[in-house]
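Overview (structure and organization)
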Amino acid sequence: MIPLEYYLILSAFLFVTGVTGVITRRNAIVVFMSIELMLNAANLTFVAYSSFFGDVVGQLFVFFVMAVAAAEVAIGLAIIIALFRNKETINIDEINILKW
Amino acid sequence: MDFNLSDITGYLPLVILAAVVLISLVIEMYIKSAPKILPWLTVISFLGLSYQSLLTIGKPGSFFNNMLATGGHVNIFWFLFNFGGAVVALITIDYLKKTEIYHGEYYILLQSSVLGMMLIAGAKDLIMVFVGLELMSLTFYILAGFARKRLFSNEAALKYFLLGAFATGFIVYGLALIYGSSQTLNIDKLYEHFTFESKNIVGIIGLFLFFAGFAFKIASVPFHMWVPDVYQGAPTSTTALMSTVGKAAAFSALIIVVSPAFGKEKATEILTPLVATFATLSMVYGSITAIMQTDIKRMLAYSSIVHAGYMLIGLAAGNKEGIDGVIFYLIAYSFMNLGAFGLISVLEGKEEKNLAISDYTGLGSKYPVLAGLLALFMFSLTGIPPFAAFFGKYYVFMAAIRADLLWLAIVGIAASAISLYFYLRVVVVMYFGKDESKFEVTSSNPALTGIIVSALLVILMGVLPGSIIDLIAKF
């Protein structure tokens, strides 16, 4: 059996990758993908702990996170499309009529 | 635990609000005059629910296998969310017409966001906190971008969405680590095995990440960068909603999840400095930056950051008085800001006109009632004695002094002194500006009703603070 630590290290790595992506990338869709990576890191942690403890609650939480992430995708893409129609760009450096 | 139908009186507000959301969806789909019906349906159901919440305040209960609690502080929060939601609905009616975004969906989203807030405040389980938080946040993203043909609104929505989802990532990962260290998601049992020893480093990091994510939602420095942009770009009625009851909902999650951790050993060595740092940064940075603002919505955004700092003082104190003070402060702050943003929405012209502070020149002689009300809210936001915020500040500062955090209270008082400048500048411009007022205001009776009710509540909380804090402290 693979030890718990391996999963935790992998998910921490995924989380840090996601955070780095959000901070460094400039395309709104790529930023959004990085955020999904962060959520998946959390899911992996939940599942790993859940199976380690033999407690089903952690896996239940993952279902909620996945459902919410799907809703978030729908809303996020709609917002990005609404902006693209008015501005013809999704580069977050050019979206600057309000000062950051 | 078995399911008992007689329990329903406890969580009835949630059931009713969920039903109202569904009914509103059907009305909006099939009836042409939905934008005329829905605001009033929203106002009536919100007022009924806030009354019901106050009525059942003394009946604590827990439902659905201890997923949800009611009674006491939960009902006080439910009252705040519903009453605040009713005021927002009143403000929107003429504002949406004026800005040409007159659609019934606005009210459905408003109801859903309040439902999410109620779930957060009543949560007894971290799953519930997460689901309620997301229901609230997702509807806020849409409401911020509701004026989809205006670039300001689009941009505000995108920034809010990306940074909000980023914060959600922190919260979920924090929850996963907390789950790992305490083996449960139930809030009552959360801190049974939790220690602040170095062997529980994973759990402590989880708590930090959770706190950081919520620091974003309550608009605290260093997670504040979205606040001015989103408050300025979003439709004013949306700003009124998310800056007041939205912030209160995020604070209720902090009160439920983070404040029990202060009871653990060594918590004051690790948690108190963290929360106190966030509080200090918010107060200092917010009040200094607010001085330089020329746009009134941006100025109030920085003021919102400063107020988040004051409220965090109560949380940093970590005692019962601090929590009661925060709840009092949240109610006071919500109604002051609802009134202020309500007035801004009445004064606002088409296409984001009349939003600079200098536009308000000479308002005092032309529209004495509106200017007088705005002056009242500005005095209250400053924290001048006869109004609500003074006592809110008093309670949180006293709690901090009792918890040996005198320096934090002194920083708070210094920040209040600085904030005198940027609030009173609005009053000075209105009454002592030389020019005549340049713009016409189309008065709006529903909005004025909401604003006057908020003003009365602000005065009431300033005149009778003792009886209200007693009610909060009883639970």
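The structure reproduced in this document is the subject of the present report. (Residues numbered from 1 in each chain as written. Chains lettered and ligands numbered in written order. Predicted model: local features only at pLDDT ≥ 70, side-chain atom pairs only at ≥ 80, totals over all residues. Heavy atoms only, no water.)

All names here are of chain B. What the rule picks out here adds up to nine salt bridges over all chains. Here Asp188 makes a salt bridge to Lys124, at a shortest N to O gap of 2.9 Å. Taken as a pair, Asp188 in the loop between helix H6 (151-182) and helix H7 (201-217) and Lys124 in the loop between helix H4 (105-122) and helix H5 (126-144) lie far apart in primary sequence, 64 residues in all. We classify Asp188 as partly exposed; its relative accessible area is 45%. In this structure, Lys320 and Asp324 form a salt bridge, with 3.0 Å as the shortest nitrogen-oxygen distance. Of this pair, Lys320 and Asp324 both sit in helix H12 (residues 320-347), four residues apart, roughly one helical turn. When its relative accessible area of 41% is taken as the criterion, Lys320 is described as partly exposed. What emerges from the salt-bridge pattern is a single network uniting Glu155, Lys159, Asp229 and Arg298. (Salt bridge = Lys/Arg side-chain N within 4 Å of Asp/Glu carboxyl O. Helix = DSSP H or I, 4+ residues; strand = E, 2+ residues; numbered from the N terminus. Buried < 20%, exposed > 50% of the residue type's maximum accessible area, 1.4 Å probe, protein only.)

Counting residues in hydrophobic clusters, the biggest one holds 227 residues, and the most contacted among them are B:Phe81 and B:Tyr360. If near-sequence neighbours (up to four positions away) are discounted, B:Phe81 is found in contact with B:Val114, B:Met117, B:Met118, B:Ala121, B:Val245, B:Ala248 and B:Ala249. (Core = buried A, V, L, I, M, F, W, Y, C linked by side-chain atoms within 4.5 Å. Contact = heavy atoms within 4.5 Å.)

Each side of the interface is counted separately: chain B has 42 residues, and chain A has 44 residues. Interface area for chain B against chain A, summed over the two sides, is near 3900 Å², with a carbon-plus-sulfur share of 81%. On the chain B side of the interface with chain A, the three residues burying the most area are B:Leu158, B:Tyr173 and B:Tyr179, jointly 17% of the side's total. Summed over the shared surface of chain B and chain A, the result is zero salt bridges. On the surface where chain B and chain A come into contact, there are four residue pairs in polar contact (both at pLDDT 80 or more). Secondary structure elements with two or more residues in the side of chain B that touches chain A: H5, H6 and helix H8 (227-233) of chain B. (Buried area = accessible area lost by both parts, 1.4 Å probe. Polar contact = N/O pair within 3.5 Å; in protein donor to acceptor, adjacent residues only side chain to side chain.)

Turning to the environment of B:Phe328, a few remarks are in order. All names here are of chain B. Examined against the element boundaries, Phe328 turns out to sit in helix H12. When the C-alpha atoms of Phe328 and Ala389 are compared, they prove to be 8.9 Å apart, with 61 residues separating the residues in sequence. Filtering out sequence-adjacent residues up to four positions away, Phe328 remains in contact with Ala388, Phe391, Gly392, Tyr395, Met461, Pro465, Ile468, Ile469 and Ile472.

Without other data, these values stay purely geometric and don't point to any function.
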